[in-house]
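Remarks on the overall topology
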Amino acid sequence: MLFDFFKPKCEYCKKRTSVYQGYYLPNDKKIKVCSSCARFAQRRGFRKWKG
């Protein structure tokens with residue numbers, strides 16, 4: 001809890017999480033999305049990236 005600020009933020013809900021999924025925006029920018037917002041990213045048609 002002390003070092004929660006080192007965890008990446010979700011691009012949509014702004015929650016900090018250690019488990020995330022990466023997606024590319026249509027302009028090829030990489031974003032990190034938490035597991036609860038991953039459905040939204042998949043519906044929007046974002047491409048997944050491995051990393």
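Structure's up top.
In what follows, the accompanying structure is described. (Residues numbered from 1 in each chain as written. Predicted model: local features only at pLDDT ≥ 70, side-chain atom pairs only at ≥ 80, totals over all residues. Heavy atoms only, no water.)

1. Things to note about the nonpolar core
Counting nine residues, the largest nonpolar core consists of Cys10, Tyr23, Ile31, Val33, Cys34, Cys37, Ala38, Ala41 and Phe46. Contact partners of Cys34, with chain neighbours within four places excluded, come to Cys10, Cys13, Thr17 and Val19. (Core = buried A, V, L, I, M, F, W, Y, C linked by side-chain atoms within 4.5 Å. Buried < 20%, exposed > 50% of the residue type's maximum accessible area, 1.4 Å probe, protein only. Contact = heavy atoms within 4.5 Å.)

2. Considerations on the state of the cysteines
Note on terminology: a disulfide is the covalent bond linking the sulfur atoms of two cysteines. Following the criterion strictly, the structure yields zero disulfides and no others. Left unpaired, Cys13 is separated from the closest cysteine sulfur, that of Cys10, by 3.6 Å. This cysteine, Cys34, is not joined by any disulfide, and Cys13 carries the nearest cysteine sulfur, 3.7 Å off. (Disulfide = S-S within 2.5 Å.)

3. Observations concerning the sheet that holds strand 1 (residues 20-24)
Ordered by their spatial adjacency, three strands build an open sheet running 2-1-3, and the pairing between neighbours is antiparallel. Two strands in the sheet have a free side with no partner beyond their single neighbour: strand 2 (30-34) and strand 3 (47-49). Taken pair by pair, the neighbouring strands of this sheet meet at an average axis angle of 45°, ignoring direction. Pairing analysis gives five bridges linking strand 1 to strand 2, with the strands arranged antiparallel. Residue Gly22 lies in a different strand from strand 2, and its bridge partner there is Lys32. (Pairing = 2+ DSSP bridges. Helix = DSSP H or I, 4+ residues; strand = E, 2+ residues; numbered from the N terminus. Axes fitted to C-alpha atoms, helices over the stretch in contact; angles between N-to-C directions.)

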